[in-house]
Each structure stands twice: as structure tokens, then as C-alpha cells.
Amino acid sequence: MIGNRLFSRGTAVNGGPFGKYRVPSHRPNLRRRSKILIVVALLLIPAAYITYLFLNPVLPPMGALDNAKWALEGAAKAGALRYSEKTYRAAEEQMQAGWMEIAHQNGRLAPFRDYRVADSMLGEAYQTAMRAARETGQTVTNLESTTLAERADYRDELANWEDALNGSLAKLDVARYYKSAELSLATCDRLIEAREYQEARESMALGRIWLQKLATSLNSYDNDGQGEIRTWRRWVQETLDDSRAGGGYAVIVNKSAHKLYIVKAGKAIKSFDAELGYNSAHQKTFAGDGATPEGKYQVSVARPRGSRYYKALLINYPNDADKHRFQDNKTKGVISARSHIGSLIEIHGEGGRGKDWTEGCVALTNHDMDQLMQYVGAGTPVTIVRKSDQWP
Amino acid sequence: MMKRVSLAVLALMLLALIGCSKAPEAEMQAAKSAIDAAKAAEAEQYAPASYKVANDTLTAANAAKTEQDSKFALFRSYGKSKDMFVRAQALANKAAAEAEQEKERVKQEVMAMMAQVQAAVDTANAALTKAPKGKDTKAELAMIKNDLDALTPQMAAAKTDFDNGKYLVAKASYESIMAKAKSITDEIAAAAAKKAGAKAAPAPKAAKKGK
């Protein structure tokens, strides 16, 4: 009993002093307090954390945004809008999406903001913009090297054409095409200087059209002569035969080859470079047309001195065939009714200028003229043909 | 009575709040259209700085709007984004106007050059007509005429580029033609001087050859 009292001071359950006793009454209070403390602590910690987040919010990735903007600006300056527009626009969209994501997160309560997606988007935008700049650089470099290589080829092509033209009788007829092609090169140079490579290539493409026209014209000029080549061949053959038969001298001028041959007894003994009328692609038709006549002539007067062009051999142009052709052309209206047939066609000196420059004469260097005068005098046959496949 | 007044005031405040929180859709659309118009006017090429400012302002306005969209409805305020959209529209209009002005300036520049080139070609043609012709110069003058004739199709090509709005290409072409026309005029002057020199010191028995 005493023990019970000592060890259990609780209220009797079943009444009476000798009944059963429960745990003392202050113990549950302690537990409740503990629970309350735990709950309060559990509430306070997140509250403190939330307060902390409110006071120290996660900062938006403005640095990443600035980087993306900077990269885009650099790409634009490099010409990405022109040479890598697709990639540039993709970077622009990524940057704007990243910016919008930042704005979206900014609109949320501070504790709930999460800029990781925005950061990632802006990182991608930066990378894409840098790629656009790289692509642009690569494209421009490739375009530049391609354009420069094409220009070098085009220059070579022009130089070749210039050489071809300088040796061609048709120069005056077709030079305008060459000049246009040359002008295209000048425009191309200016565009390359302005770093407008695509346009520079277009300019060269236009120039190549002119060169194509030049080639076509030269071909058609060559074909035009096909009908007359038999005549020229016959003239050459007759001149050689006559020279052989008489054992005398003769002069043959091949206009296409720019050559003058001295023939003796049917054999060429000397040849000289000859310069002709500036418009010698055709037969001479009237005075002042700049063409060297084609036909069989003779030296009518030899002028070893007193010529304006060192020494001269006047030939009997116009011959009967020339006169007949001239009248025929006049009648047909091919040439003006007021035009004249021309005269004073000579083989003379003061040549060696490297171009066809006379009004129809044949010009040799003074040295060659000295040699020619040793063999040729009045009465010597002079045959002038545009071209022939038969030579002494 | 007091209760009713309080409710009315509260309702008015809510209405005001809702009124402020209305998204500036019209302003946003207007700003976007203005930017599209500026782009169509090639402002990116002809007024890049102004276009960039306008575009950035539009993006910033969109960001401001998005920020408000993300907020709880009662806390939304689109006043700032609305102002920015209005400003972006104005800036886009300015960029478009600047682009048009710049294009017009380049166009006028090329047109002025076109007139100068025509004048240079006319001068060269006049000089060629007046150039003294002789055996020493006739061939050169014939080639010079060829050079001059070659300018005509080039001018036509430059005009086509100009009409197609390829002002830079047209300008480069006109510059080339101008340089060529001037060099032709110089060549004619040189040929004339050569002829004059030949006249000043005639060779003995100077007879005109190869007529």
C-alpha cells in the first residue's frame, strides 16, 4: 500500500484507495509542448528560408543576355544577315525566347523564380550567334578566294583575247566586245574593293557574255572567208607560177598572217612582218574605209626617196576588178553614191608599230623597206590576199 | 449604409485594378507591324542602328509584357510595356523613314552620277567628232570610236541594275564607264596633239597615202 502510494500518485481508476493508478498528469503536457515546438520549428525554417529568398532573390542571367546580344551584334556586323541569315535569325529567336523566359520568371514570386531555362536558352543563342559569325566569315573567305581566282582566270582570258585580237584583221569589227568585257573587269575590280563579291562575280559573268560574242564574231569572220579562199589561193598560185616561169621577182602579202613575202622564180626568198590598214578584215570598198585592198597588182612607181613614209612602192590600185566591184557596190547601194574608190596604195616604211594603223597601205620597218627596195621596182607583181593555205 | 458605400468603393478599386491590368495587345500588334514594315523597307540594311534600337525596344516591351503576364492577375500592370510598345512603334517608323531616306539618297547619288557619265560620254563623242583625222590618227580614232561604242551597252546594263534597285552595282558600273569616258577624251586629245605636232613639222613632199 505504502509502496503503491510511493510509486503511483495518480488518481484511482476504479475508485477507492486500493484501486489501480495511472501515470501522473503533468507528463502529457510536456509532450504536447514538444510537439508544438517541433511544428513551430518546422514552420519557421521554411518561413525563414522564404523570407531569405524574398530578401535575396535569385538574380536573372543578365550577363548571359548581354553576351547573346553582343554575339548577335557581332554576327550582324560581320554580315550574317546576308551570308548566314538562317543561323542569324535562329540565334535572334533564341535570344528573344531567353529574354522572354527571364521576363516570365521575373513575373513569378521571388522564391519560385528559376532562371536555368533562360540561362540555357541564352547560352544557346550565344553559341548560335557565334556560329552565324563563323559561317559568315567562312562564306566571305570562300567567296573572296573564289572571286579572286575567277578574276585571275578572267584576266588571263582577256589577255589571251587581246593577243588574239592584235593578230586579227577583224580587230576593229569585234573590238567593241572585247572593250565591253574589259569594262566589266573594271567594274568587277571596284566591287571586289567594296567587298561585294557576289556582284563582282555577276560582273564577270556579264563580261564572259561579251567574250562569247567576241568568239562568235571571230568565228563567223573566219567562216566568211571560206567562200573566197579559192580565189585567194588561185591568185597566189598564179603569182608563183608567173614568177617561176619568168624567173622574176614578185611580192605576196598575206593579210591574216601580217606577212610580206619576196618571191623569186616561184620561191620565197624573204619575208617581213607587215602592218596594214586599220580595218583590213574586209576587201577595200571605198576611199577612207581603212582597208588594205585584195587583188593582183603591180608596182606602178618606186619612190626610193621623197616619201613621207621613208621609201615607197606605189601599186596600181584600183585595178579593173576593183573598179568593177566599186561601181557594182554603188549601184546596189552597198556604199554611198558620193563615195570614192580611193588611190595611192603603197608599200612603204615607218612600220614596226605593232598594230595595223595605215589607211590601206602596207607598212614595213625602214630596215625591211631597204631590203625590199633591193629586189622590187616598177612593174613587179604584187598580190595581196586576206588568207591562203598555199604559200611559197 | 456604410457597408454599401464600402462595397461600392471596393468594387470601383477592383475595376480600376482590372482596367490597369489589361494587356496592351493593340499597341503590341501595332509595334510588330511597324517593325515588319521597317524590315520590308530594308531598314536592316539602310538604317541598321535605328532598326536595332527599335527591335530591341520591341523585345524589351515584349519582355515587360511577359513579366506582367506571369504575375497574379491582381498584381499585373501593363503601363510600362504599353509605353514601350508605343515607343517601339515610333522607333520602327523612324527606322523605316530613315531607310527610305538613305535609299533615296543613294538613288539620287547614282542618278547624279548617271547624268555625269552621260555628260562625260557626250564630251568624248564631241571630242571624237572634232578630232583632226589623218593617216597617223585615223586608226587610233577608229579604235577610240570602238571604245566609245562599247560604253553604250554598258550604260544600258548599269541602268538596268539601277532600275532593279541594285544601286551599288550600278554605281560601280557608272564609275567604270566614267573613268573610261575620261580616258577616251584624254586619248582623243593626245591624238589631236600628235596630229598637230605632225602638221607643225611636215615631212618633205607630204602626200596623203592610202585613200
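Residues numbered from 1 in each chain as written. Chains lettered and ligands numbered in written order. Predicted model: local features only at pLDDT ≥ 70, side-chain atom pairs only at ≥ 80, totals over all residues.

Asker: Hey, could you run me through the overall build of chain B in this one?
Answerer: On a plain count of helices and strands, chain B comes out with 7 helices and 0 strands. Across chain B, helices and strands are ordered from the amino to the carboxyl terminus as α-α-α-α-α-α-α. Sequence separation of at least 24 residues holds for 77% of the intrachain contacts in chain B that already meet a minimum separation of 6. (Helix = DSSP H or I, 4+ residues; strand = E, 2+ residues; numbered from the N terminus. Contact = placed C-beta atoms within 7 Å.)

Asker: Help me out: how do you make sense of the overall build of chain A in this one?
Answerer: Check the secondary structure of chain A and you find 11 helices and 8 strands. Relative to the compact-globule value of 21 Å for 392 residues, chain A shows a C-alpha radius of gyration of 52 Å, a clear excess of over 25%. With respect to the three principal axes, the spread of C-alpha positions in chain A is 180 × 45 × 35 Å. The buried share of chain A, taken over its 392 residues, is 39%. (Rg over C-alpha atoms; globule rule 2.2 N^0.38 Å. Buried ≥ 20, exposed ≤ 12 C-beta atoms within 10 Å, placed from the backbone.)

Asker: Can you help me understand the interface of chain B and chain A in this one?
Answerer: Interface size is often expressed as the accessible area that is lost when the parts come together. On the side of chain A, 45 residues touch chain B, which itself brings 41 residues to the contact. Those elements giving two or more residues to the side of chain B that touches chain A turn out to be α4 (48-69), α6 (135-163) and α7 (167-200) of chain B. The biggest single contributor to the side of chain B that touches chain A is α6 of chain B, with 12 residues.

Asker: What is the right way to look at the packing of helix α2 (residues 25-40) of chain B against α4 of chain B in this model?
Answerer: Helix-helix packing is characterised by the crossing angle of the two axes and by the distance between the axes. All names here are of chain B. The geometry of α2 relative to α4 is characterised by a closest axis approach of 11 Å and an angle of 155° between their N-to-C directions. The angle between the axes of α2 and α4 places the two elements in the roughly antiparallel class. The two elements α2 and α4 meet at a crossing, and its hand is left-handed. The segment α2 lies against α4, with Met28, Ala31, Lys32, Ile35 and Ala38 engaging Tyr51, Ala54, Asn55, Leu58, Ala61 and Lys65. (Axes fitted to C-alpha atoms, helices over the stretch in contact; angles between N-to-C directions. Parallel < 35°, antiparallel > 145°, perpendicular 65-115°, else oblique. Left-handed = near helix turned anticlockwise from the far one by under 90°.)

Asker: Please clarify how the environment of leucine 65 of chain A should be interpreted in this entry.
Answerer: All names here are of chain A. For leucine 65, the location among the structural elements is in helix α3 (residues 62-78). Residue classification places leucine 65 among the buried residues on the basis of 21 C-beta atoms within 10 Å. Not counting residues within four places of it along the chain, the set of residues in contact with leucine 65 comprises Gly98, Trp99, Ile102 and Leu122.

Asker: What's the story with the nonpolar core in this structure? I'm lost.
Answerer: For soluble globular proteins, the rule of thumb is that nonpolar side chains tend to be buried together. In this structure, Val174, Tyr178 and Leu214 of chain A together with Ala124, Ile177 and Ala181 of chain B are the most contacted members of the largest nonpolar core, which totals 50 residues. Once residues lying within four places of it in the same chain are set aside, the contact partners of leucine 214 of chain A are Trp161, Val174, Tyr177, Tyr178 and Ala181 of chain A. Within the second largest apolar cluster, 49 residues are counted, among which are Met121 and Ala129 of chain A together with Ile35 and Ala41 of chain B. (Core = buried A, V, L, I, M, F, W, Y, C linked by C-beta atoms within 7 Å.)

Asker: What exactly am I supposed to notice about the confidence of the model for chain B here?
Answerer: Caution is warranted with low-pLDDT regions, since their predicted coordinates should not be read in detail. All names here are of chain B. The predicted model of chain B has a mean per-residue pLDDT of 85, with 83% of residues at 70 or higher. When the criterion is pLDDT under 50, residues 203-208 qualifies, and its contacts beyond four places in sequence or with other chains add up to 9 contacts. For this predicted complex, the interface confidence reaches an ipTM of 0.74, while the overall pTM sits at 0.71. (pLDDT = per-residue confidence, 0-100.)

Asker: What's the story with the packing of α2 of chain B against helix α5 (residues 79-130) of chain B in this structure? I'm lost.
Answerer: All names here are of chain B. Orientation of α2 relative to α5, taken along the N-to-C sense of each, is 20°, at an axis distance of 8 Å. Judged by the angle between their axes, α2 and α5 are roughly parallel. Crossing of α2 over α5 shows left-handed handedness. Contact residues: Glu27, Met28, Ala30, Ala31, Ala34, Ile35, Ala37 and Ala38 in α2; Lys82, Phe85, Val86, Ala88, Gln89, Ala92, Asn93, Ala95, Ala96 and Ala99 in α5.

Asker: Would you mind going over the confidence of the model for chain A with me for this structure?
Answerer: Counting all residues, the mean pLDDT for chain A is 88, and 92% of those residues have values of 70 or more. Across residues 1-13 of chain A, confidence stays below pLDDT 50; counting only partners more than four residues off in sequence or on other chains, it has 14 contacts.

Asker: So what exactly am I meant to see when it comes to the pairing of strand β3 (residues 267-273) of chain A here?
Answerer: Both faces of the sheet carry side chains from a regular strand, because those side chains alternate between them. Residue and element names in this part refer to chain A. Relative to β3, strand β2 (residues 259-264) runs antiparallel, the two being bridged by 6 bridges. Its bridge partner lying in β3, isoleucine 262 is registered against lysine 270. Between the end of β2 and the start of β3, which pair antiparallel, lie 2 residues, with alanine 265 showing a positive phi angle near 50°. (Pairing = 2+ DSSP bridges.)

Asker: Help me understand the environment of aspartate 147 of chain B in this model?
Answerer: With respect to the element layout, aspartate 147 of chain B can be found in helix α6. Along the backbone, aspartate 147 of chain B and alanine 37 of chain B are 110 residues apart, and their C-alpha atoms lie at a distance of 45 Å. When neighbours within four sequence positions are excluded, aspartate 147 of chain B is seen to be in contact with Lys179 of chain A together with Lys180 and Ile184 of chain B.

Asker: Hey, could you run me through the sheet that holds β3 of chain A in this one?
Answerer: The strands that make up a sheet pair up through hydrogen bonds in the backbone, lying either parallel or antiparallel. All names here are of chain A. Pairing in this open sheet of 8 strands is mixed, and the strands run β3-β2-β1-β8-β4-β5-β6-β7 from one edge to the other. Across the chains shown, the open sheet's two edge strands, defined by having one partner strand only, are β3 and β7 (362-363). Across the sheet, helix α9 (residues 229-246) is in contact with β1 (249-254), β2, β4 (295-307) and β8 (381-385); its angle to β8 comes to roughly 160°. Strands in contact with helix α11 (residues 366-375) are β1, β2, β3, β4, β5 (310-315) and β6 (346-348); relative to β5, the strand with the most contacts, it is inclined by about 50°.

Asker: What should I look at first to understand the pairing of β5 of chain A in this one?
Answerer: Residues and elements named next belong to chain A. With respect to burial, β5 is a largely interior element, 6 of its 6 residues being buried. Pairing of β4 with β5, which is carried by 5 bridges, proceeds in the antiparallel orientation. Directly across from valine 299, in β5, lies its bridge partner isoleucine 315. Taking the residues that link successive antiparallel strands as the turn, the β4-β5 hairpin has 2 residues. The pairing of β5 with β6 spans 3 bridges and is classified as antiparallel. If you follow leucine 313 over to β6, its bridge partner there is isoleucine 347.

Asker: Sorry if this is basic, but what is going on with unusual backbone geometry here?
Answerer: Residues other than glycine predominantly adopt negative phi, and peptide bonds predominantly adopt the trans conformation. Residues and elements named next belong to chain A. The linkage connecting tyrosine 317 with the following residue, proline 318, adopts the cis geometry, with an omega of -5°. If you check the backbone angles, histidine 258 has positive phi at about 55° while not being a glycine. Checked against the element boundaries, histidine 258 lands in the loop between β1 and β2. With a phi close to 70°, tyrosine 310 is a non-glycine residue in the positive phi region. The topology assignment puts tyrosine 310 in strand β5. Take tyrosine 310: there are 21 C-beta atoms within 10 Å of it, and that puts it in the buried class.

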